[in-house]
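Structural description and commentary
Residue strings, one per chain:
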Amino acid sequence: MRPSKLIHNLLLILLFCYGTVQGQSNLIGAEKQKLPFIKDSISYVNSINRLGMLYHMKNVDSSLYYGMMSKAMATRLQYPKGKADADNVIASVLYIRGMYQESLQLYTQALSDYKIQRDTANMSQVVMNMGNVYLSLGDSTKGLDLFRQVIRTGRRDSIMSLVYANYCMSNPSLSNDSAQYYINKTREIASMYKDHRVLVAVKELEFDFLVKKGRSAEALKLLGGALAEAQKYELDDQEIYILSAYSNYYANQPDSALHYAWRSYQLAKEKDYVLELIPILTNILAHTTLKGNKDQIINVQKLLEGAMAEENQKLKKFVGDYIKYNAMQGDNAVLSMVNKNNKSKIWLLVSVCVAGLFLLLFIYRLYQISRKHERELQQLNLKILEQNKTLQQADEFKNKLFSILAHDFRTPLVSTIGIAGLMKDNPGFTKTEMEQFYGDIERQARGMLESFDTILQWIKQQLSGYQYKAETLVLHDLFCESADIVSEQLKAKKITVFNQIPKHVTATSDKEMLQFVNRNLLSNAIKFSPEGGEIVITYTLENNSMIVSVADQGQGMDEQTISKLFSISSNFGSSTQHGAGIALSMCKDFIQKLGGRIWAKNATPHGAVFSYTIPAKV
């Protein structure tokens, strides 16, 4: 594998994790523009790391600068991922500069940090990069083993397309079928994620593959398509490599080779890809020498000398920055040790304070014990009184419950038994009469079931209580839900419900409590409405309270009935009302728990209006 190509694939992996497919210059410009507006420290570290990655191919000094800055900030902020990303950036810079051992050390540290964070995507990326480093060191066995390690994970994310591409390019022992398999896998995954950068690289792989097989015409056509895509998506680095591939392809035709080599050089110069200038100029010098034009040879030599001098200056600056980086690492180690010692002192001081506090608490405890016995006697007497009061209330509750059960179930049961006996003693009833009797029995049973359910709810409320759970509710939708539940009753009596609550009105309340009230008010309105009647639901806002009203067209109520509507007594609730007294009493209790009140009045000219309030704001 050519070293420049190896760097190319390494950077594909790095850049993949840091943005959509755009021109690298565009990505750098966009990232630098938003940098001054980032207020969050963590986001700022992430942005600096992205810049460090993006600068690899253009300016390794800038890449090292951003990596060092990011690592210092991440260390100060104690941000593990930011530190691991910075190590990844710096390790890649060291790899490009040929410092392979130092690069491996930092990659290993980054991999360890990513494992702690369970960042599997970056773990795969780092292992892949380490494989490239081992290949550069000449240890192809270790490098390919690392590639296979990533492949064995069975991942199907977009990073795996780059792993397949690198493995295919780095393993010359692959058979043609195996190489084609990995090329196809790369294309399949890259197409799935619409990664045009990798798709262009796949065409470069296929170009090399076809050239080796002697299919030059087909290979040249494929390379032309790759160049067009690189230009379309502004993939400057890819375009440089493709132009260089053209130059190598025409190695035996100096004019054509120079044409593409000069285009590659001009693009690299224009887009500031300084790392590529020396190998491109070296290639140009070789082809120019073959032509024998001394003036052109001298001009190219001058350009090459200038590029090498500039690179030498940058290398000196890089060495200085790296020395500074090592010094910073030492300072960080010293600072970490100082912080550790300071923490030890702080913990010692805290321990002394805690011990003193426990001593004071022990003394205070002794003082409290001396007074505890007197309070215990008083509390014991109060507890006995409270227990007696609770037992008395429990007895009263049981008596009330038995009274309600006897009243609300005895009458419908007697009526049902009577109907059943009548049907038994008179077998000559017509089919219509029998169906009417069956309907009566069904209604009686259904009513008893509803009463039983209501009583169970009331018992639950009385004995265990409800816990208030506030949420944002749309009042209009609540009544729509309640109307759906009683839709059969509405159809049976041909009653129309007019929900006049605006759809934008919301309340913050407990949904279950509020819906229990809504269902009961709507059910009562249906029971006492005439066949073909109307039920109107309205809403008003008054003094920070929401007022919801349910009006029917029934016969209305006398004042005595209204005064006893929301209290349980043996005089309220009949076989026609099916536990309405219990339900309305629960409605009152629920509304009071929600911070409101409930009442009823007669409507004009006839009917009844049940209303309740809840706070507009909680």
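Residues numbered from 1 in each chain as written. Predicted model: local features only at pLDDT ≥ 70, side-chain atom pairs only at ≥ 80, totals over all residues. Heavy atoms only, no water.

1. Brief notes about the overall build of the protein chain
For the record, the criterion: Secondary structure is summarised from DSSP: a helix means a run of H or I of at least four residues, a strand means a run of E of at least two, and numbering begins at the N terminus for each. Accessibility here uses a 1.4 Å probe with only protein chains present; expressed as a share of the type maximum, an area under 20% marks a residue as buried, one over 50% as exposed, and anything in between as partly exposed. A contact between two residues is defined here by any heavy atoms of the two lying within 4.5 Å. Shrake-Rupley sampling with a 1.4 Å probe provides the accessible areas, and residues are treated as covered by the protein chains on show and by no other component.
From N to C terminus, the protein chain includes 22 helices and seven strands. Expressed as a percentage of the 618 residues in the protein chain, the buried residues total 43%. Counted over contacts in the protein chain with a minimum sequence separation of 6, partners at least 24 positions apart contribute 66%. Total accessible area on the protein chain stands at roughly 33,500 Å², and carbon and sulfur atoms take up 56% of it.

2. Some remarks on helix 11 (residues 196-212)
Keep this limit in mind: What a helix should span is 1.5 Å times the count of its residues minus one. Polar contacts here mean pairs of N or O atoms no more than 3.5 Å apart (in protein, one a potential hydrogen donor and the other a potential acceptor; neighbouring residues in sequence count only if both atoms are side-chain atoms).
Taking 1.5 Å of rise per residue, the 17 residues of helix 11 would be expected to cover 24 Å, and the 25 Å separating its terminal C-alpha atoms lies within 8% of that figure. Buried residues dominate helix 11, accounting for 12 of its 17 residues. Those residues of helix 11 that sit buried are Arg197, Val198, Leu199, Val200, Ala201, Val202, Glu204, Leu205, Glu206, Phe207, Phe209 and Leu210. In this structure aspartate 195 caps helix 11, since a side-chain oxygen of it lies 3.2 Å from the backbone nitrogen of arginine 197. Glycine 214, located one to two residues past helix 11, shows a positive phi value of around 80°.

3. Some thoughts on the side chain of threonine 288
Positionally, threonine 288 belongs in helix 15 (residues 277-291). Take threonine 288: its relative accessible area is 1%, and that puts it in the buried class. For threonine 288, the residues in contact, after removing those within four places along its chain, are Leu258, Asn293, Gln296, Ile297 and Val300.

4. What to know about the nonpolar core
The line we're drawing: We define the nonpolar core as a collection of buried residues of types Ala, Val, Leu, Ile, Met, Phe, Trp, Tyr and Cys that are connected through side-chain atoms lying within 4.5 Å of one another.
Counting 49 residues, the largest nonpolar core has Met130, Ile151, Met160, Val163, Tyr167 and Tyr182 as the members making the most contacts within it. Among the secondary structure elements, those contributing two or more residues to this core are helix 4 (60-77), helix 5 (80-96), helix 6 (100-117), helix 7 (120-136), helix 8 (140-151), helix 9 (159-170), helix 10 (176-192) and helix 11. It is helix 9 that contributes the most residues to this core, nine residues altogether. Within the second largest apolar cluster, 42 residues are counted, among which are Leu473, Leu584, Phe590 and Ala616.

5. Let's talk about the sheet that holds strand 6 (residues 598-602)
Short version of the rule: When DSSP finds two or more bridges between two strands, those strands count as paired. Fitted lines through C-alpha atoms serve as axes, helices being fitted only where they are in contact, and the angles separating the N-to-C directions of these axes extend from 0 to 180 degrees.
On the basis of which strands lie adjacent, the open sheet formed by five strands has the order 2-4-5-7-6 and mixed pairing. Both edges of this open sheet fall to strand 2 (496-499) and strand 6, since each of them pairs with a single strand only. Averaged over all neighbouring strand pairs, the angle between strand axes comes to 20°, with direction disregarded. Of the strand pairs in this sheet, strand 6 and strand 7 (residues 608-615) are connected by five bridges, and their pairing is antiparallel. Looking at the pairing, lysine 601 lines up with valine 609 of strand 7. Helix 20 (residues 511-527) rests against strand 4 (534-542), strand 5 (545-551), strand 6 and strand 7 of the sheet, and its axis sits at about 170° to strand 7.

6. As for the pattern of salt bridges
What counts, and what does not: Salt bridge, as used here, is a side-chain nitrogen of Lys or Arg placed within 4 Å of a carboxyl oxygen of Asp or Glu.
Scanning the model with the defined rule gives 14 salt bridges in all. Where lysine 34 meets glutamate 31, a salt bridge forms, and the shortest distance between an N and an O atom there is 3.4 Å. Placement of both lysine 34 and glutamate 31 in helix 2 (residues 24-34) is noted, with a separation of three residues, approximately one turn of the helix. The class for glutamate 31 is buried, based on a relative accessible area of 8%. Salt-bridge contacts for aspartate 113 lead to lysine 83; the nearest nitrogen and oxygen are separated by 3.7 Å.

7. Topic: unusual backbone geometry
Cis geometry marks the peptide bond from threonine 604 to proline 605; its omega dihedral reads 5°. If you trace the backbone, proline 605 turns up in the loop between strand 6 and strand 7. Phi at glutamine 78 takes a positive value of approximately 55°, unusual for a residue other than glycine. Relative to the assigned elements, glutamine 78 resides in the loop between helix 4 and helix 5.

8. Here we look at the packing of aromatic side chains
Rules: Aromatic rings from Phe, Tyr and Trp, taking only the six-membered ring of Trp, are treated as a pair when their centres fall within 6.5 Å; an angle between ring planes under 30 degrees marks them as stacked, one over 60 as edge-to-face, and anything in between as tilted.
Per the counting criterion, the structure on display carries 14 aromatic pairs. Relative to tyrosine 66, the ring of tyrosine 55 has its centre 5.7 Å away and its plane inclined at 15°; by these criteria the two rings are stacked. Of the two residues, tyrosine 55 is situated in the loop between helix 3 (41-54) and helix 4 and tyrosine 66 in helix 4; the sequence distance between them amounts to 11 residues. Exposure remark for tyrosine 55: the relative accessible area of 12% places this residue in the buried category. Note on tyrosine 66: relative accessible area 11%, which makes it buried. Relative to tyrosine 100, the ring of tyrosine 95 lies with its centre 5.7 Å away and its plane at 45°, an arrangement referred to as tilted.

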